[in-house]
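Read off the chains here:
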There are 2 protein chains.
Amino acid sequence: MFSVSARTQYAIRAMAHLAGGEGHGATSAEIASAEGIPAKYLEGIMSRLKLSGLVESERGKHGGYRMIGEPEDISMLSIVEAMDGSVKPVNCVDAVGTCSQGNGCLPRQFWIGLKKAIDNYLEEHTLKDVTEG
Amino acid sequence: MFSVSARTQYAIRAMAHLAGGEGHGATSAEIASAEGIPAKYLEGIMSRLKLSGLVESERGKHGGYRMIGEPEDISMLSIVEAMDGSVKPVNCVDAVGTCSQGNGCLPRQFWIGLKKAIDNYLEEHTLKDVTEG
DNA sequence: GTATATTCCTACTATCCAGATAGGGATATG
DNA sequence: CATATCCCTATCTGGATAGTAGGAATATAC
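Just so we're clear, the structure is a prediction, and the values are computed from it rather than from any experiment.

### Re the protein's contact with DNA strand C
Near DNA strand C there are 23 residues, and of these Glu43(A), Lys50(A), Ala6(B), Lys40(B) and Arg59(B) occur at the shortest range. When atoms of DNA strand C within 4 Å of the protein are sorted by moiety, sugar and phosphate together comprise 67%. Interatomic distance of 2.7 Å between a side-chain N/O atom of Ser57(A) and a phosphate oxygen of DNA strand C. Elements represented by at least two residues in the surface near DNA strand C include exactly α3 (39-51), β2 (55-58) and β3 (64-67) of chain A together with α1 (6-20) and α3 (39-51) of chain B. In terms of residue class, the surface near DNA strand C is made up of five nonpolar, eight polar and 10 charged.

### Remarks on the sheet that holds strand β1 (residues 25-26) of chain A
Residue and element names in this part refer to chain A. Across the sheet, which stays open at both edges, the three strands sit in the order β1-β3-β2 with antiparallel pairing between neighbours. A single partner strand is all that each edge strand has here, and the edge strands are β1 and β2. Note that β2 and β3 share four bridges and pair antiparallel. Across the sheet, Val55 pairs through a bridge with Met67, a residue of β3. Its contacts with the sheet place helix α1 (residues 6-20) against β1, β2 and β3, and it is angled at close to 80° to β3. Together, β2 and β3 form the strand contacts of α3, whose direction differs from that of β2 by roughly 115°.

### Details of the relation of the copies chain A and chain B
For the pair chain A and chain B, the relating rotation is 180°, the translation along its axis is 0.0 Å, and the fit reaches an RMSD of 0.1 Å. On this basis, the relationship between the two copies can be described by a two-fold rotation axis. Relative to the rotation axis, the closest C-alpha in chain A is found at Phe2(A), a distance of 2.6 Å. Mapped onto chain B, 100% of the interface residues of chain A again fall at the interface, so both copies present the same surface.

### Brief notes about the packing of aromatic side chains
Counted according to the given criterion, the structure contains seven aromatic pairs over all chains. Taking the centre distance of 5.5 Å and the plane angle of 25° together, the rings of Tyr121(A) and Phe110(B) count as stacked. Taken together, the positions of Tyr121(A) in helix α5 (residues 106-124) and Phe110(B) in helix α5 (residues 106-124) put the pair across two chains. Considered together, Tyr121(A) and Phe110(B) belong to a single accessibility category, that of buried residues.

### A word on the pairing of β3(A)
Across two bridges, the pairing between β1(A) and β3(A) is antiparallel. Looking across to β3(A), one finds that Ala26(A) is bridged to Tyr65(A).

### Brief notes about the protein's contact with DNA strand D
Among the 23 residues in the neighbourhood of DNA strand D, the closest are listed as Ala6(A), Lys40(A), Arg59(A), Glu43(B) and Lys50(B). Put simply, 71% of the atoms of DNA strand D that lie within 4 Å of the protein are in sugar or phosphate. At a separation of 3.1 Å, a phosphate oxygen of DNA strand D approaches a polar side-chain atom of Tyr10(A). Between DNA strand D and Ser57(B), the relevant distance is 2.8 Å, taken from a phosphate oxygen to a side-chain nitrogen or oxygen of the residue.

### As for unusual backbone geometry
Residue and element names in this part refer to chain B. Positioned with a positive phi, Phe2 is a non-glycine residue whose angle comes to about 60°. Tracing the backbone through its elements, the reader meets Phe2 in the segment before α1. According to the relative accessible area criterion, Phe2 is buried, its value standing at 5%. Of note in the backbone geometry, His24 takes a positive phi value of approximately 55° without being a glycine.

### Some words on the interface of chain A and chain B
Across the contact, 32 residues belong to chain A and 32 residues belong to chain B. Surface buried jointly by chain A and chain B totals about 2,700 Å² across both partners, of which 77% is contributed by carbon and sulfur atoms. Broken down residue by residue, the surface that chain A buries against chain B is led by Met1(A), Phe2(A) and Phe110(A), which jointly contribute 29%. The tally of links between chain A and chain B comes to zero salt bridges. At the junction of chain A and chain B, the tally comes to 10 residue pairs in polar contact (both at pLDDT 80 or more). Going through the elements one at a time, α1, α4 (76-84), α5 and α6 (127-131) of chain A are the ones with two or more residues in the side of chain A that touches chain B. With 11 residues, α5(A) is the single largest residue contributor to the side of chain A that touches chain B. Among the residues making up the side of chain A that touches chain B, the classes are represented as 19 nonpolar, nine polar and four charged.

Quick notes on the rules
- Residues numbered from 1 in each chain as written.
- Chains lettered and ligands numbered in written order.
- Predicted model: local features only at pLDDT ≥ 70, side-chain atom pairs only at ≥ 80, totals over all residues.
- Heavy atoms only, no water.
- Near = heavy atom within 4 Å.
- Polar contact = N/O pair within 3.5 Å; in protein donor to acceptor, adjacent residues only side chain to side chain.
- Helix = DSSP H or I, 4+ residues; strand = E, 2+ residues; numbered from the N terminus.
- Nonpolar A, V, L, I, M, F, W, Y, C, P; charged D, E, K, R; others polar.
- Pairing = 2+ DSSP bridges.
- Contact = heavy atoms within 4.5 Å.
- Axes fitted to C-alpha atoms, helices over the stretch in contact; angles between N-to-C directions.
- Least-squares fit on C-alpha atoms with pLDDT ≥ 70 in both.
- Phe/Tyr/Trp six-rings, centres within 6.5 Å; stacked < 30°, edge-to-face > 60°.
- Buried < 20%, exposed > 50% of the residue type's maximum accessible area, 1.4 Å probe, protein only.
- Buried area = accessible area lost by both parts, 1.4 Å probe.
- Salt bridge = Lys/Arg side-chain N within 4 Å of Asp/Glu carboxyl O.

Below, the structure is given as C-alpha coordinates:
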(Lines give C-alpha, C1' and ligand atoms only; values in the text may rest on other atoms or scores of the structure.)
Protein backbone atom coordinates (compact mmCIF):
# COMPACT_ATOMS: atom_id res chain seq x y z
CA MET A 1 0.00 0.00 0.00
CA PHE A 2 1.17 3.49 -0.88
CA SER A 3 4.16 2.13 -2.70
CA VAL A 4 6.47 4.45 -4.55
CA SER A 5 7.01 3.91 -8.27
CA ALA A 6 10.29 2.59 -9.61
CA ARG A 7 10.42 5.80 -11.60
CA THR A 8 10.51 7.90 -8.45
CA GLN A 9 13.15 5.71 -6.87
CA TYR A 10 15.24 5.94 -10.02
CA ALA A 11 14.78 9.70 -10.04
CA ILE A 12 16.06 10.01 -6.50
CA ARG A 13 19.12 7.92 -7.33
CA ALA A 14 19.71 10.03 -10.41
CA MET A 15 19.47 13.26 -8.44
CA ALA A 16 21.73 11.82 -5.78
CA HIS A 17 24.26 10.93 -8.45
CA LEU A 18 24.17 14.44 -9.84
CA ALA A 19 24.56 15.85 -6.34
CA GLY A 20 27.72 13.79 -5.86
CA GLY A 21 29.21 14.58 -9.26
CA GLU A 22 31.59 17.24 -10.48
CA GLY A 23 29.68 20.53 -10.55
CA HIS A 24 26.51 18.59 -9.86
CA GLY A 25 26.51 17.37 -13.47
CA ALA A 26 26.63 14.16 -15.50
CA THR A 27 25.30 12.64 -18.70
CA SER A 28 22.26 10.42 -18.76
CA ALA A 29 24.36 7.47 -19.95
CA GLU A 30 26.80 7.99 -17.08
CA ILE A 31 24.05 8.00 -14.49
CA ALA A 32 22.37 4.98 -16.02
CA SER A 33 25.52 2.90 -15.95
CA ALA A 34 26.65 4.07 -12.52
CA GLU A 35 23.26 3.57 -10.90
CA GLY A 36 22.16 0.49 -12.82
CA ILE A 37 19.12 2.16 -14.37
CA PRO A 38 17.91 1.17 -17.86
CA ALA A 39 19.44 3.88 -20.04
CA LYS A 40 16.49 4.51 -22.32
CA TYR A 41 14.09 4.55 -19.41
CA LEU A 42 16.23 7.05 -17.56
CA GLU A 43 16.06 9.45 -20.50
CA GLY A 44 12.36 9.88 -19.88
CA ILE A 45 12.99 10.43 -16.20
CA MET A 46 15.59 13.11 -16.83
CA SER A 47 13.17 14.78 -19.18
CA ARG A 48 10.55 14.99 -16.44
CA LEU A 49 13.10 16.31 -13.95
CA LYS A 50 13.92 19.03 -16.43
CA LEU A 51 10.27 19.90 -17.04
CA SER A 52 9.90 20.39 -13.29
CA GLY A 53 12.89 22.69 -13.15
CA LEU A 54 15.04 20.41 -11.01
CA VAL A 55 17.79 20.02 -13.61
CA GLU A 56 18.97 21.82 -16.69
CA SER A 57 20.40 20.21 -19.81
CA GLU A 58 22.82 20.82 -22.62
CA ARG A 59 22.77 18.83 -25.84
CA GLY A 60 25.60 17.69 -28.06
CA LYS A 61 29.12 16.70 -27.20
CA HIS A 62 30.06 17.62 -23.63
CA GLY A 63 26.37 17.95 -22.96
CA GLY A 64 24.51 16.40 -20.08
CA TYR A 65 22.41 17.33 -17.08
CA ARG A 66 23.15 19.60 -14.17
CA MET A 67 21.24 19.97 -10.94
CA ILE A 68 19.70 23.37 -10.39
CA GLY A 69 20.45 24.56 -6.87
CA GLU A 70 21.89 22.68 -3.93
CA PRO A 71 20.84 19.32 -2.47
CA GLU A 72 19.72 20.93 0.77
CA ASP A 73 17.30 23.12 -1.17
CA ILE A 74 15.67 20.32 -3.17
CA SER A 75 12.73 18.85 -1.29
CA MET A 76 11.84 15.20 -1.73
CA LEU A 77 8.32 16.38 -2.49
CA SER A 78 9.56 18.21 -5.56
CA ILE A 79 11.15 15.02 -6.90
CA VAL A 80 8.15 12.85 -6.11
CA GLU A 81 5.79 15.34 -7.74
CA ALA A 82 8.03 15.63 -10.78
CA MET A 83 7.57 11.91 -11.35
CA ASP A 84 4.06 11.03 -10.31
CA GLY A 85 2.25 14.30 -9.80
CA SER A 86 0.81 15.71 -6.61
CA VAL A 87 -0.18 13.57 -3.65
CA LYS A 88 -3.87 12.81 -4.08
CA PRO A 89 -5.28 9.98 -1.92
CA VAL A 90 -8.67 10.49 -3.58
CA ASN A 91 -9.53 12.58 -6.60
CA CYS A 92 -11.78 14.98 -4.77
CA VAL A 93 -9.00 16.35 -2.55
CA ASP A 94 -8.48 19.26 -4.88
CA ALA A 95 -11.92 19.36 -6.45
CA VAL A 96 -13.30 22.49 -4.85
CA GLY A 97 -17.06 22.50 -4.60
CA THR A 98 -17.63 19.42 -6.75
CA CYS A 99 -18.08 17.10 -3.78
CA SER A 100 -21.69 15.97 -3.80
CA GLN A 101 -21.55 16.04 -0.01
CA GLY A 102 -20.77 19.73 0.09
CA ASN A 103 -17.80 21.33 1.80
CA GLY A 104 -18.35 19.61 5.14
CA CYS A 105 -17.80 16.14 3.71
CA LEU A 106 -15.95 14.39 6.55
CA PRO A 107 -14.25 11.67 4.53
CA ARG A 108 -12.90 14.35 2.21
CA GLN A 109 -11.53 16.30 5.17
CA PHE A 110 -9.90 13.10 6.33
CA TRP A 111 -8.16 12.50 3.00
CA ILE A 112 -7.08 16.11 2.78
CA GLY A 113 -5.51 15.68 6.19
CA LEU A 114 -3.66 12.61 4.97
CA LYS A 115 -2.39 14.49 1.95
CA LYS A 116 -1.12 17.24 4.21
CA ALA A 117 0.64 14.77 6.47
CA ILE A 118 2.41 13.20 3.51
CA ASP A 119 3.19 16.50 1.81
CA ASN A 120 4.62 17.90 5.05
CA TYR A 121 6.93 14.97 5.55
CA LEU A 122 8.16 15.03 1.97
CA GLU A 123 8.58 18.79 2.04
CA GLU A 124 10.58 18.70 5.27
CA HIS A 125 13.15 16.32 3.85
CA THR A 126 15.68 17.31 1.23
CA LEU A 127 17.91 15.46 -1.16
CA LYS A 128 20.76 16.16 1.24
CA ASP A 129 18.99 14.36 4.09
CA VAL A 130 18.59 11.28 1.93
CA THR A 131 22.10 11.21 0.53
CA GLU A 132 24.47 12.74 3.05
CA GLY A 133 22.43 12.53 6.21
CA MET B 1 0.28 9.71 -6.51
CA PHE B 2 -0.43 7.76 -3.35
CA SER B 3 -4.00 7.24 -4.37
CA VAL B 4 -6.26 5.05 -2.30
CA SER B 5 -7.86 2.05 -3.97
CA ALA B 6 -11.57 1.97 -4.72
CA ARG B 7 -11.64 -1.12 -2.55
CA THR B 8 -10.50 0.86 0.50
CA GLN B 9 -13.00 3.62 -0.18
CA TYR B 10 -15.75 1.06 -0.54
CA ALA B 11 -14.66 -0.59 2.68
CA ILE B 12 -14.88 2.68 4.57
CA ARG B 13 -18.38 3.31 3.23
CA ALA B 14 -19.37 -0.22 4.16
CA MET B 15 -18.05 0.16 7.69
CA ALA B 16 -19.75 3.52 7.97
CA HIS B 17 -23.00 1.93 6.88
CA LEU B 18 -22.65 -0.79 9.50
CA ALA B 19 -21.87 1.84 12.12
CA GLY B 20 -25.07 3.66 11.30
CA GLY B 21 -27.23 0.54 11.17
CA GLU B 22 -29.38 -1.24 13.73
CA GLY B 23 -26.99 -3.00 16.14
CA HIS B 24 -24.12 -2.14 13.80
CA GLY B 25 -25.28 -4.86 11.44
CA ALA B 26 -26.48 -5.33 7.87
CA THR B 27 -26.35 -7.79 4.98
CA SER B 28 -23.86 -7.45 2.17
CA ALA B 29 -26.68 -6.92 -0.34
CA GLU B 30 -28.18 -4.18 1.83
CA ILE B 31 -24.88 -2.33 2.05
CA ALA B 32 -24.22 -2.72 -1.66
CA SER B 33 -27.56 -1.28 -2.65
CA ALA B 34 -27.54 1.49 -0.06
CA GLU B 35 -23.98 2.58 -0.82
CA GLY B 36 -23.99 1.97 -4.55
CA ILE B 37 -21.21 -0.61 -4.44
CA PRO B 38 -21.15 -3.55 -6.92
CA ALA B 39 -22.69 -6.36 -4.88
CA LYS B 40 -20.37 -9.16 -5.92
CA TYR B 41 -17.35 -6.98 -5.50
CA LEU B 42 -18.46 -5.98 -2.03
CA GLU B 43 -18.63 -9.61 -0.99
CA GLY B 44 -14.89 -9.89 -1.38
CA ILE B 45 -14.42 -6.71 0.60
CA MET B 46 -16.57 -7.94 3.47
CA SER B 47 -14.60 -11.14 3.46
CA ARG B 48 -11.36 -9.22 3.94
CA LEU B 49 -12.88 -7.12 6.69
CA LYS B 50 -13.82 -10.32 8.44
CA LEU B 51 -10.37 -11.84 8.01
CA SER B 52 -8.94 -8.76 9.69
CA GLY B 53 -11.34 -9.07 12.60
CA LEU B 54 -13.21 -5.85 11.93
CA VAL B 55 -16.56 -7.55 11.39
CA GLU B 56 -18.17 -10.86 12.21
CA SER B 57 -20.60 -12.74 10.01
CA GLU B 58 -23.52 -15.10 10.19
CA ARG B 59 -24.65 -17.23 7.28
CA GLY B 60 -28.10 -18.29 6.21
CA LYS B 61 -31.41 -16.56 6.56
CA HIS B 62 -31.23 -13.55 8.89
CA GLY B 63 -27.48 -13.67 8.48
CA GLY B 64 -25.27 -10.73 7.66
CA TYR B 65 -22.33 -8.77 8.97
CA ARG B 66 -21.89 -6.97 12.25
CA MET B 67 -19.16 -4.55 13.24
CA ILE B 68 -16.93 -5.71 16.05
CA GLY B 69 -16.50 -2.92 18.57
CA GLU B 70 -17.44 0.72 18.35
CA PRO B 71 -16.68 3.25 15.59
CA GLU B 72 -14.46 5.29 17.89
CA ASP B 73 -12.30 2.23 18.49
CA ILE B 74 -11.77 1.33 14.85
CA SER B 75 -8.75 3.11 13.41
CA MET B 76 -8.69 4.06 9.75
CA LEU B 77 -5.33 2.29 9.59
CA SER B 78 -6.99 -1.01 10.45
CA ILE B 79 -9.42 -0.61 7.54
CA VAL B 80 -6.77 0.46 5.08
CA GLU B 81 -4.51 -2.42 6.08
CA ALA B 82 -7.39 -4.87 5.84
CA MET B 83 -7.79 -3.93 2.20
CA ASP B 84 -4.34 -3.26 0.83
CA GLY B 85 -1.91 -4.47 3.45
CA SER B 86 0.55 -2.43 5.46
CA VAL B 87 1.88 0.89 4.31
CA LYS B 88 5.11 0.15 2.45
CA PRO B 89 6.51 2.96 0.28
CA VAL B 90 9.35 0.67 -0.76
CA ASN B 91 9.71 -3.05 -0.21
CA CYS B 92 12.76 -2.80 1.99
CA VAL B 93 10.99 -0.88 4.75
CA ASP B 94 10.38 -4.07 6.65
CA ALA B 95 13.24 -6.13 5.26
CA VAL B 96 15.52 -6.24 8.26
CA GLY B 97 19.17 -6.65 7.34
CA THR B 98 18.58 -7.43 3.67
CA CYS B 99 19.37 -3.91 2.52
CA SER B 100 22.59 -4.11 0.54
CA GLN B 101 23.49 -0.74 2.00
CA GLY B 102 23.41 -2.03 5.55
CA ASN B 103 21.37 -0.61 8.37
CA GLY B 104 22.51 2.96 7.90
CA CYS B 105 20.98 3.21 4.44
CA LEU B 106 19.69 6.78 4.41
CA PRO B 107 17.05 6.41 1.70
CA ARG B 108 15.61 3.47 3.62
CA GLN B 109 15.46 5.58 6.82
CA PHE B 110 13.67 8.22 4.80
CA TRP B 111 11.02 5.80 3.54
CA ILE B 112 10.57 4.32 6.99
CA GLY B 113 9.95 7.83 8.24
CA LEU B 114 7.31 8.34 5.58
CA LYS B 115 5.63 5.10 6.52
CA LYS B 116 5.54 6.23 10.13
CA ALA B 117 4.05 9.60 9.22
CA ILE B 118 1.29 7.89 7.25
CA ASP B 119 0.69 5.17 9.82
CA ASN B 120 0.46 7.74 12.60
CA TYR B 121 -2.12 9.80 10.78
CA LEU B 122 -4.25 6.79 9.91
CA GLU B 123 -3.94 5.40 13.41
CA GLU B 124 -4.98 8.68 15.02
CA HIS B 125 -8.23 8.81 13.10
CA THR B 126 -11.14 6.51 13.72
CA LEU B 127 -14.24 5.53 11.83
CA LYS B 128 -16.15 7.87 14.08
CA ASP B 129 -14.06 10.86 13.01
CA VAL B 130 -14.79 10.15 9.39
CA THR B 131 -18.50 9.52 9.75
CA GLU B 132 -19.80 11.52 12.66
CA GLY B 133 -17.09 14.11 13.07
C1' DG C 1 31.40 19.48 -43.19
C1' DT C 2 31.52 15.08 -41.58
C1' DA C 3 31.69 12.24 -37.63
C1' DT C 4 30.32 11.85 -33.03
C1' DA C 5 28.09 12.45 -28.64
C1' DT C 6 24.56 13.91 -26.50
C1' DT C 7 19.54 15.32 -25.44
C1' DC C 8 14.95 14.81 -27.11
C1' DC C 9 10.67 12.90 -29.26
C1' DT C 10 7.28 9.30 -30.60
C1' DA C 11 5.74 4.98 -30.76
C1' DC C 12 5.47 0.35 -29.38
C1' DT C 13 5.39 -3.99 -26.35
C1' DA C 14 4.92 -6.62 -22.23
C1' DT C 15 3.41 -7.38 -17.83
C1' DC C 16 0.86 -6.66 -13.91
C1' DC C 17 -3.01 -5.45 -11.11
C1' DA C 18 -7.36 -3.25 -9.78
C1' DG C 19 -12.02 -3.49 -10.62
C1' DA C 20 -15.60 -6.08 -11.76
C1' DT C 21 -18.42 -10.23 -13.14
C1' DA C 22 -20.05 -15.15 -13.11
C1' DG C 23 -21.33 -19.34 -11.19
C1' DG C 24 -22.04 -22.05 -7.82
C1' DG C 25 -20.90 -24.33 -2.99
C1' DA C 26 -21.74 -24.14 2.14
C1' DT C 27 -24.83 -23.12 5.77
C1' DA C 28 -28.60 -21.48 8.44
C1' DT C 29 -33.71 -20.55 8.90
C1' DG C 30 -38.41 -21.74 8.53
C1' DC D 1 -37.42 -28.54 0.80
C1' DA D 2 -37.07 -23.61 -0.43
C1' DT D 3 -34.78 -19.63 0.43
C1' DA D 4 -31.45 -16.29 1.91
C1' DT D 5 -27.28 -15.43 3.05
C1' DC D 6 -22.12 -15.86 3.32
C1' DC D 7 -18.27 -17.91 0.92
C1' DC D 8 -15.02 -19.69 -2.67
C1' DT D 9 -12.81 -19.93 -7.31
C1' DA D 10 -12.29 -18.61 -11.81
C1' DT D 11 -12.36 -15.34 -15.42
C1' DC D 12 -12.45 -10.94 -18.11
C1' DT D 13 -10.96 -6.23 -19.07
C1' DG D 14 -8.95 -1.69 -19.02
C1' DG D 15 -5.36 1.14 -17.68
C1' DA D 16 -0.99 1.96 -15.74
C1' DT D 17 3.89 0.97 -15.15
C1' DA D 18 8.25 -0.61 -16.78
C1' DG D 19 10.92 -1.09 -20.42
C1' DT D 20 12.42 -1.11 -25.57
C1' DA D 21 13.23 0.76 -30.32
C1' DG D 22 14.37 3.98 -33.63
C1' DG D 23 15.57 7.97 -34.92
C1' DA D 24 15.43 13.48 -35.03
C1' DA D 25 17.63 17.70 -33.24
C1' DT D 26 21.66 19.86 -31.72
C1' DA D 27 26.25 20.88 -30.22
C1' DT D 28 31.30 19.94 -30.43
C1' DA D 29 35.62 18.41 -32.50
C1' DC D 30 38.54 17.48 -35.97
